[in-house]
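Letter by letter, the chains look like this.
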Amino acid sequence: MAAIDQSKIRNFCIVAHIDHGKSTLADRIIEKTGLLTSREMQAQILDNMDLERERGITIKAQTVRIVYQAKDGNEYIFNLIDTPGHVDFNYEVSRSLAACDGAILVVDAAQGIEAQTLANVYLALDHDLDVFPVINKIDLPSADPERVKNEIEDVIGIEAQDAPLISAKNGIGIEEVLEAVVKKIPAPGGSPDNPLQALIFDSVYDSYKGVIVFCRIMEGRVKKGTRIKMMATGAWAEVVEVGYFGAGQFIPCDELTAGMVGYLTASIKNVKDTAVGDTVTDMDRPCEKPLPGYKKVNSMVYCGMYPADGAKYPDLRDALEKLKLNDASLNYEPETSIALGFGFRCGFLGLLHLEIIQERLEREYNLDLVTTAPSVIYRVHKTNGEMIELTNPSNLPDPSEIDYMEEPVVSAEIMVTTEFIGPIMQLCQERRGRYISTEYIEASRALLKYELPLNEIIYDFFDALKSRSRGYASFDYELKGYEQSKLVKLDILINHDEVDALSFIVHADSAYERGRKMCEKLKDEIPRHLFEIPIQAAVGGKIIARETVKAMRKDVLAKCYGGDITRKKKLLEKQKEGKKRMRQVGNVEIPQSAFMSVLKLDDG
Amino acid sequence: MKKISLYVHIPFCEKKCFYCDFLSAPASVEEMEYYVNYLLREIREQSLFYGDRQVVSIFFGGGTPSILSSGEIVRILQQIRNCFLLAEDVEITLECNPGTVTSEKLYDYIACGINRLSIGLQSTDDEELARIGRIHDYAAFLKTYSLAREAGFCNINIDLMAGLPGQSAASYMRTLERVTGLHPEHISAYSLILEEGTWLYVNQSSYEFPDEEEDRKMYRLTGERLEEAGFYRYEISNYAREGWECRHNKVYWRRGDYAGFGLGASSMVSNIRWKNPEAQQDYVMCVKRMEDAQECTLAGSAFVKYLCKTGFHEVQVLTREEQMEEFMFLGLRLTEGVDRGEFKRLFGECMDEIYEKPIDKFLSAGLLEQEGERLRLTRRGVDLSNVVFTEFLF
């Protein structure tokens, strides 16, 4: 292959609010560039995990290299870097953006700007990307492109009058977008003759090739045999293969040079060694300093994960190890619970990350899991001056040893139509929110700013937000810091036995309400036994709420027709199977769902 | 001589009841005739395997078997007589619904040897009946019942249901009073079960079902009232006057051999279970394949292979463990319970060793009781029978 002209490369990404059509536009761009025929296109090529496709969100950044024959007669190489679309993955987003020179901003022609639109576009502008907007879904009856254009100019302050009006779904206006990429996004800088400096923006683990590092070459060149070093982790290796990204496959090439986006493999066995944001350089001719912006990602949310079947503990350990290979932001360490046996305390970037890992463990590794209520990291300041970071409520020291506690607080932005401002403000108040400001985007929409304790939003805040705004509110947040707070540990006693896996930390003022709701919920979840079961909530040994599961009186399956014993036995087996999936605490059997159901307590 | 019972499935009814998830649907006279023709052919083919056994009971179930003309019933029974050897005291039951039988039909039934009639009443409250989509009212039932007595039926079962939408303990009590007042020989009293896919299941939100307390009351009333009225419970949901238990029914619980004919019918012979296809065209194919098949004996693996190749469903050779499980959870349904000696005779092992844990547990929890060699459910054990049964599964 002839040397690639650096001026004919365009590295860019697409930023959008969830559901505004980012992935669909990516599909159309790939389709239009002729790398794939329409027949080969599976809907939404870039989201290649099943889970992503089902949820319609991008979790892991995907990247594709395509060739575009522009109207100026030249052939351009486009590297389209797909970015994760969720606040949990903010850091990954920022690293992907750093690998780009420009961004397409997709805005829904009917909905206009949403909270994530703002968050993502500001992030892109922070990285000095050239951003140009496109207005999508113009074929919707409710589309109002003129209003949206003005909104983009007023709120974000970028030129929008000549924004392409498109329908990604129906392939309208895609050509215009491609031309705009050529004209509005600058060619990458850097020189192939400088020492190697490459940004890692993602990595995946492949059982044959080891870790595959996704990188953007900022300066210099890299090829097979180059001895490379990761500047932050200090790991080093010899490059085995370099290449670029076809649609869904890795295509080896001879060399990657400044301005290019591609991958390298170097028989690295651990993704931990190739942290996102780290800089790759040439060991024999290192660059002076690493690229800016690297930071170690910290878990924000923790929960216990236990195999439903205790014997599957080694399987869970192996599965977590494998997932960790591809997901450096997943942390875990062994823990034991009286109720649940052996398991792991796992740390995640956020609740979505948690849910994704949980689902992957269940689907890809066929594990049946019991997950405990997620917890944030509390700072417990003890009277002896010691400070501990608490990730498991069961480990809270005795109240007499505690001087005070702090909890993480986030700055939240909620975009909402004005008719729902009331209910949403009420929700934020209920969740101990501190009101900051209201900004009117236009007559009918406003941006609410609040500071909220993180532990109030990791449960069901998002669901509550959606239900109280009939789906119209959008939400984004970032960690602000720690604040002192009056926190207590709420314990749940089932049949007078404390169930450690159900304990959680809560603000003292909402302890009673939470305790009451938990008891109610558990009452519905715990099946009747041959005896009566009291369910109690307690704070510091004092009972604050109680419910009772009445004793079972009747469980008869009367009907048996025409001697169909097989069917009858199947029903009994199903019942027996259901019993197996229960956790024995004392002499009470608690279904696994009970441990998770307590998370959804909002009845807004 | 070895014994066998026969079940004949008639998958037709005038109109589907709202709670019904049985294999049954309305059909034209031609469709019914077509079906009966295949039924006759199937009976002939199956009889090649166990035609030498003595038939102790025959049960026409449905659907609504009485929807067929009595000519068809006579043809079926004639075919059975042609192919099988019937015991002198054979029990022949036919299920019917009020409103589908006439006096002539009933006389025809008696004439062809049917000696037990099972009438689906469910409730004596007309509103309750209408709510579950029954085609008849109480008056229609009374007429059918007296016609049946007139025609000479001296063994009649009445089906009842508790837990119907809009039913109260008081209305259920009235049903029990009225029904016991008619002095049937046998009463089957079930609780309504909402089966997925039924009309009632799908539309359950628009009905008001009795609450738990009310449901409990009805359940308790069933036992109390029927026993006061001279019935005794011989099985979880079956009550009879002394000596009038349904023999066919007991064959299922005692794991006697039975063969089922017709769509979706179940069979168990010599510890092999299988089921007929549920789709008409599959069933027809199955009958044709039986006719084309080479001769085969009932014994062992050749028979199993034959069943599979012919297109029967869920063919299952019961392992010794499965036989034990069934012995327990089917036998315990009967008030007389299970016999340790019989268990030992059948399996060569001691019941108390194999099932030490559940037996100990439920004896001490008061759900099981023993008397000599027999082990049976207590009153409370009957109420919680599923809890007990599941623990007898391996």
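Above: the structure in question.
The residue numbering used here restarts from 1 in each chain and proceeds along that chain's sequence as written. As a convention, the first chain written is A and the first ligand written is 1, with the rest following in written order. Two thresholds apply to this predicted model, a pLDDT of at least 70 for residue-level local features and 80 or more for giving and counting side-chain atom pairs, whereas whole-chain, interface and lining totals are computed over all residues. Hydrogens are left out, water is left out, and the side-chain values use all remaining heavy atoms of the structure.

Caption draft 1: Up close: the overall build of chain B. In this text, helices come from DSSP runs of H or I with a minimum length of four residues, and strands from runs of E with a minimum of two, each type numbered from the N-terminal end. Each helix and strand in chain B was counted, giving 17 helices and 15 strands. Within chain B, counting contacts between residues at least 6 apart in sequence, those at least 24 apart form 70% of the total. By element, 50% of the accessible surface of chain B is carried by carbon and sulfur atoms, the whole surface being about 16,100 Å². Between two residues, a contact is recorded if the distance between any of their heavy atoms is within 4.5 Å. Per-residue accessibility takes into account occlusion by the displayed protein chains alone, with areas from the Shrake-Rupley method and a 1.4 Å probe.

Caption draft 2: Broad picture of the sheet that holds strand S13 (residues 338-339) of chain B. All names here are of chain B. The strand order S13-S15-S14 describes an open sheet built from three strands, whose pairing is antiparallel. Both edges of this open sheet fall to S13 and strand S14 (368-371), since each of them pairs with a single strand only. Relative to strand S15 (residues 374-377), S14 runs antiparallel, the two being bridged by four bridges. In the sheet register, glutamate 371 faces S15, and the bridge partner there is arginine 374. Here an axis means a line fitted to C-alpha atoms, over the contact stretch when the element is a helix, while the angle between two N-to-C directions is reported on a 0 to 180 degree scale. Helix H15 (residues 356-364) rests against S14 and S15 of the sheet, and its axis sits at about 100° to S14. Two strands qualify as a pair provided that DSSP identifies no fewer than 2 bridges between them.

Caption draft 3: Spotlight on the packing of helix H10 (residues 280-292) of chain B against helix H11 (residues 300-310) of chain B. Residue and element names in this part refer to chain B. Contact geometry for H10 and H11: axes closest at 9 Å, N-to-C directions at 135°. Relative to H11, the element H10 is oriented oblique. On H11, the residues that touch Cys286, Arg289 and Met290 of H10 are Tyr306, Lys309 and Thr310. Throughout, the ten residues Ala, Val, Leu, Ile, Met, Phe, Trp, Tyr, Cys and Pro are labelled nonpolar, Asp, Glu, Lys and Arg are labelled charged, and all others, Gly among them, are labelled polar. Here the contact of H10 with H11 is composed, by residue class, of three nonpolar, one polar and two charged. If an angle is under 35 degrees, it is roughly parallel; if it is over 145, roughly antiparallel; if it lies from 65 to 115, roughly perpendicular; otherwise it is oblique.

Caption draft 4: Inspection of the interface of chain B and chain A at higher detail. Counting from both sides, the interface comprises 44 residues of chain B and, opposite them, 27 residues of chain A. Defined here as a combined quantity, buried area equals the accessible surface (1.4 Å probe) lost by two parts on assembly, summed across both. Summed over both partners, the interface of chain B with chain A buries about 3,400 Å², with 54% contributed by carbon and sulfur atoms. Each salt bridge in this description consists of a side-chain nitrogen of Lys or Arg and a carboxyl oxygen of Asp or Glu lying within 4 Å of one another. Counting every contact that joins chain B to chain A gives five salt bridges. Of the charged contacts, one joins Lys275(B) and Asp564(A) as a salt bridge, the two residues approaching to 3.2 Å between their closest N and O atoms.

Caption draft 5: Inspection of the pattern of salt bridges at higher detail. All chains considered together, the criterion is met by 63 salt bridges over all chains. Between Glu326(B) and Arg255(B) there is a salt bridge, with the nearest N and O atoms lying 2.9 Å from each other. Taken together, the positions of Glu326(B) in helix H12 (residues 320-331) and Arg255(B) in the loop between helix H9 (247-253) and strand S9 (258-261) put the pair 71 residues apart, joining distant regions of the chain. Here the term buried applies to any residue with accessible area under 20% of the maximum for its type, exposed to any over 50%, and partly exposed to those in between, with areas from a 1.4 Å probe on protein chains only. Residue classification places Glu326(B) among the buried residues on the basis of a relative accessible area of 2%. The exposure class of Arg255(B) is buried, given its relative accessible area of 13%. Each member of the salt-bridge network shares a partner with another, and the members are Glu114(A), Asp144(A), Arg147(A), Glu151(A) and Arg445(A).

Caption draft 6: Molecular detail of unusual backbone geometry. Following Gly62(B), the chain continues to Gly63(B) via a peptide bond in cis, the omega torsion being 20°. Located in the positive-phi region is Ser267(A), a residue other than glycine, with phi close to 35°. Looking at where Ser267(A) falls in the secondary structure, it is placed in the loop between strand S14 (261-265) and strand S15 (279-282). Located in the positive-phi region is Arg432(A), a residue other than glycine, with phi close to 60°. Mapped onto the elements, Arg432(A) comes out in the loop between helix H9 (421-430) and strand S24 (434-442).

Caption draft 7: Layout of the packing of aromatic side chains. Only Phe, Tyr and Trp rings take part, Trp by its six-membered ring, and two of them pair if their centres are within 6.5 Å. Stacked means planes under 30 degrees apart, edge-to-face means over 60, and tilted covers everything else. Within the structure shown, the criterion is met by 39 aromatic pairs over all chains. Taking 4.8 Å as the distance between ring centres and 70° as the angle between the ring planes, the aromatic pair formed by Tyr355(B) and Phe392(B) counts as edge-to-face. Residue Tyr355(B) is located in the loop between helix H14 (351-354) and H15, and its partner Phe392(B) is located in the segment after helix H17 (385-390); the two are separated by 37 residues in the primary sequence. Comparing Tyr355(B) with Phe392(B) shows no difference in burial state: the two are buried. Between the aromatic rings of Tyr355(B) and Phe394(B), the centroid separation amounts to 5.4 Å while the plane-to-plane angle is 25°, which identifies the pairing as stacked. One end of the pair, Tyr355(B), is in the loop between H14 and H15; the other, Phe394(B), is in the segment after H17, and 39 residues separate them in sequence. You can call Tyr355(B) buried: its relative accessible area is 2%. Through pairs of rings, three or more aromatic residues link up here, namely Phe49(B), Tyr50(B), Trp274(B), Phe303(B), Tyr306(B) and Phe312(B). Remark: a charge is flagged as sitting over a ring if the NZ atom of Lys or the CZ atom of Arg is within 6 Å of the ring centre and within 35 degrees of the ring normal. Over the ring of Tyr244(A) we find Arg65(A), and its NZ or CZ is 3.5 Å from the ring centre.

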